[in-house]
Amino acid sequence: MTAADTPNAAQAPLISVQGLRKSFGSHEVLKGIDLDVAPGEVLTIIGASGSGKSTLLRCLNLLETPDAGHVWFGGQDLMAPETNVNALRADIGMVFQGFNLFNNLDVLDNCTLAPVTLGKLKKEEAERVALDHLASVGLADFAHADSKRLSGGQKQRVAIARALCMNPQIMLFDEPTSALDPEIVGEVLEVMRKLAEGGMTMVVVTHEMAFAKNVSDRVVFMDQGVIAEQGAPEKIFGDPEQPRTREFLARYL
Ligand code: ADP
Ligand code: MG
């Protein structure tokens, strides 16, 4: 895999990670990660539990502070003292396994809270934007629904709509379907597939191999804190080079 194989490779990367290291105590969880994400690219990260996938994702928006290395977002060094981390975070949407909705707010208020509180949009404008995004995730009729009464799939679709309301430049997903009952995983993956088709830059940690294979432009396989292998999905799933990639994928056959 060369940079020339990735979509939009001619453009500057939206995210560039170089030499990223992170330890918790004496446990080195990320052991020198180099990774570029091109604008419009859909990258999936696969790998065993504990391999460092979430930590890598969390370093991309400084939910974790790297010990060494650099993360650039749109050419800005996230670790530079003059960088406004909050402004940058507003451009990076994140969706977690556990939804993290505000259960005391209805669906619409969940979506408008951040853009209004951060002064990005006026209330009426934020509501218009939110209704558009709720429609795009199939929840047009749920604007005034009680968040805590929604199904897991509906909650996760609200979480996606809410993130989109900030008009992010990139969306990060950390196992967005892992907490869902199998029969509703598909409705969330479908929303993500549409988002990818619409040109959103996405980094998706997932165990949904069909999604990685069919939707992503590039698959990164992590093993014990390093990128063990990466490439086009046809290559990773069809003809992986590393024995450890083969062993990992064999568990999903
Ligand atoms: P993955 O998402 O691939 O399952 P993680 O990035 O969550 O892996 O975790 C990698 C390793 O780092 C695991 O051994 C985990 O226990 C450890 N770890 C993650 N976050 C913390 C933390 N905040 N404190 C201590 N250890 C952590
Ligand atoms: Mg994880």
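As the structure is a prediction and not an experimental result, all values here were calculated from the model.

Sorry if this is basic, but what is going on with the packing of helix 3 (residues 107-117) against helix 4 (residues 123-136) here?
Angle between the axes and distance between the axes are the two parameters that describe a pair of packed helices. One can describe the packing of helix 3 onto helix 4 by two numbers: an axis separation of 9 Å at closest approach and a directional angle of 125°. By the criterion of interaxial angle, the relationship of helix 3 to helix 4 is oblique. Along this stretch, helix 3 crosses helix 4, giving a crossing that reads as right-handed. Where helix 3 approaches helix 4, its residues Val107, Leu108, Asp109, Cys111, Thr112 and Val116 are matched on the opposing element by Lys123, Ala126, Glu127, Ala130, Leu131 and Leu134.

What am I meant to see in the sheet that holds strand 5 (residues 76-77) here?
Sheets are built from strands that pair by backbone hydrogen bonding, the pairs being arranged parallel or antiparallel. Taken in spatial order, the four strands make up an open sheet running 2-1-4-5, and their pairing is antiparallel. Edge positions in the open sheet fall to strand 2 (27-37) and strand 5, since each of these has one partner strand only. Sheet topology places strand 4 (residues 68-73) next to strand 5; two bridges connect them, and they run antiparallel. Among the inter-strand pairings, Phe73 is bridged to a residue of strand 5, identified as Gln76.

Would you take a moment to explain the state of the cysteines for this structure?
Working definition: the covalent bond between the sulfur atoms of two cysteines is a disulfide. Summed over the entire model, instances satisfying the criterion amount to zero disulfides. In this model Cys165 remains outside any disulfide bridge; the closest cysteine sulfur is found in Cys111, 4.6 Å from its own. On the accessibility criterion, Cys165 (3% relative accessible area) is buried.

Where do I start with unusual backbone geometry in this structure?
The bulk of non-glycine residues show a negative phi, and the bulk of peptide bonds are trans. Although it is not a glycine, Asn100 sits at a positive phi angle of roughly 55°. Note that Asn100 resides in the loop between strand 6 (92-95) and helix 3. Of the residues examined, Asn100 reaches a relative accessible area of 43% and is grouped as partly exposed. Phi is positive for Glu175, which is not a glycine, with a value near 45°. Here Glu175 lies in the loop between strand 7 (170-174) and helix 6 (182-197).

Just checking my understanding: could you explain the UniProt feature "domain: ABC transporter" (unreviewed entry) in the protein for this structure?
Here the UniProt feature "domain: ABC transporter" (unreviewed entry) sits at residues 15-249. Summarising residues 15-249: 37% helix, 26% strand, and an end-to-end C-alpha distance of 27 Å.

Is there a simple way to think about the nonpolar core in this case?
One broad rule of soluble globular proteins: the nonpolar side chains tend to lie buried together. Ranked by internal contacts, the top residues of the largest apolar core, which has 38 residues, are Leu134, Ile160, Met171, Phe173, Met192, Leu195 and Met202. Within the residue set of this core, elements represented by two or more residues are helix 3, helix 4, helix 5 (152-164), strand 7, helix 6, strand 8 (201-205) and helix 7 (209-215). If one sorts the elements of this core by residue count, helix 6 sits on top with eight residues. Those residues in contact with Phe173 that sit more than four places away from it in its chain are Leu57, Val95, Ile160, Met192, Leu195, Met202, Val203, Val204 and Val205. Grouped together as the second largest cluster of nonpolar side chains are 28 residues, Leu20, Ile45, Leu57 and Met222 included.

Looking at this structure, how should I read helix 5?
Think of an α-helix as 3.6 residues a turn; residues three or four steps apart then line up on the same face. With 13 residues, helix 5 extends 18 Å from end C-alpha to end C-alpha; this agrees with the ideal 18 Å at 1.5 Å per step. A large share of helix 5 lies buried, amounting to 12 of its 13 residues. Every buried residue of helix 5 is listed here: Gly153, Gln154, Lys155, Gln156, Arg157, Val158, Ala159, Ile160, Ala161, Arg162, Ala163 and Leu164.

Mind showing me how you'd approach the site of ligand 1 here?
In the vicinity of ligand 1, the contacting residues are Phe24, His27, Val29, Ala48, Ser49, Gly50, Ser51, Gly52, Lys53, Ser54 and Thr55. Protein contact buries 60% of the 560 Å² of open area that ligand 1 shows by itself. A total of three residues in the shell around ligand 1 trace back to one element, the largest contributor, which is helix 1 (residues 53-60). Within the shell around ligand 1, the residues separate by chemical class into three nonpolar, seven polar and one charged.

How should the pattern of salt bridges be read in this particular structure?
Think of it this way: side chains of opposite charge can pair up when their charged atoms draw near. For the structure shown, the criterion picks out 14 salt bridges. Between Asp109 and Lys123 there is a salt bridge; the shortest N-O distance is 3.7 Å. Residue Asp109 is located in helix 3, and its partner Lys123 is located in helix 4; the two are separated by 14 residues in the primary sequence. Overall, the relative accessible area of 38% leaves Lys123 in the partly exposed class. A salt bridge links Arg193 to Glu197, with the nearest nitrogen and oxygen atoms 2.6 Å apart. With Arg193 and Glu197 both in helix 6 and four residues apart, the pair spans about one turn of that helix. Note on Arg193: relative accessible area 28%, which makes it partly exposed.

What counts and how
- Residues numbered from 1 in each chain as written.
- Chains lettered and ligands numbered in written order.
- Predicted model: local features only at pLDDT ≥ 70, side-chain atom pairs only at ≥ 80, totals over all residues.
- Heavy atoms only, no water.
- Axes fitted to C-alpha atoms, helices over the stretch in contact; angles between N-to-C directions.
- Helix = DSSP H or I, 4+ residues; strand = E, 2+ residues; numbered from the N terminus.
- Parallel < 35°, antiparallel > 145°, perpendicular 65-115°, else oblique.
- Left-handed = near helix turned anticlockwise from the far one by under 90°.
- Contact = heavy atoms within 4.5 Å.
- Pairing = 2+ DSSP bridges.
- Disulfide = S-S within 2.5 Å.
- Buried < 20%, exposed > 50% of the residue type's maximum accessible area, 1.4 Å probe, protein only.
- UniProt positions renumbered as here; feature names shortened; annotations may be inferred.
- Core = buried A, V, L, I, M, F, W, Y, C linked by side-chain atoms within 4.5 Å.
- Expected span 1.5 Å × (residues − 1).
- Near = heavy atom within 4 Å.
- Areas by Shrake-Rupley, 256 points an atom, 1.4 Å probe, with all protein chains shown as cover.
- Nonpolar A, V, L, I, M, F, W, Y, C, P; charged D, E, K, R; others polar.
- Salt bridge = Lys/Arg side-chain N within 4 Å of Asp/Glu carboxyl O.

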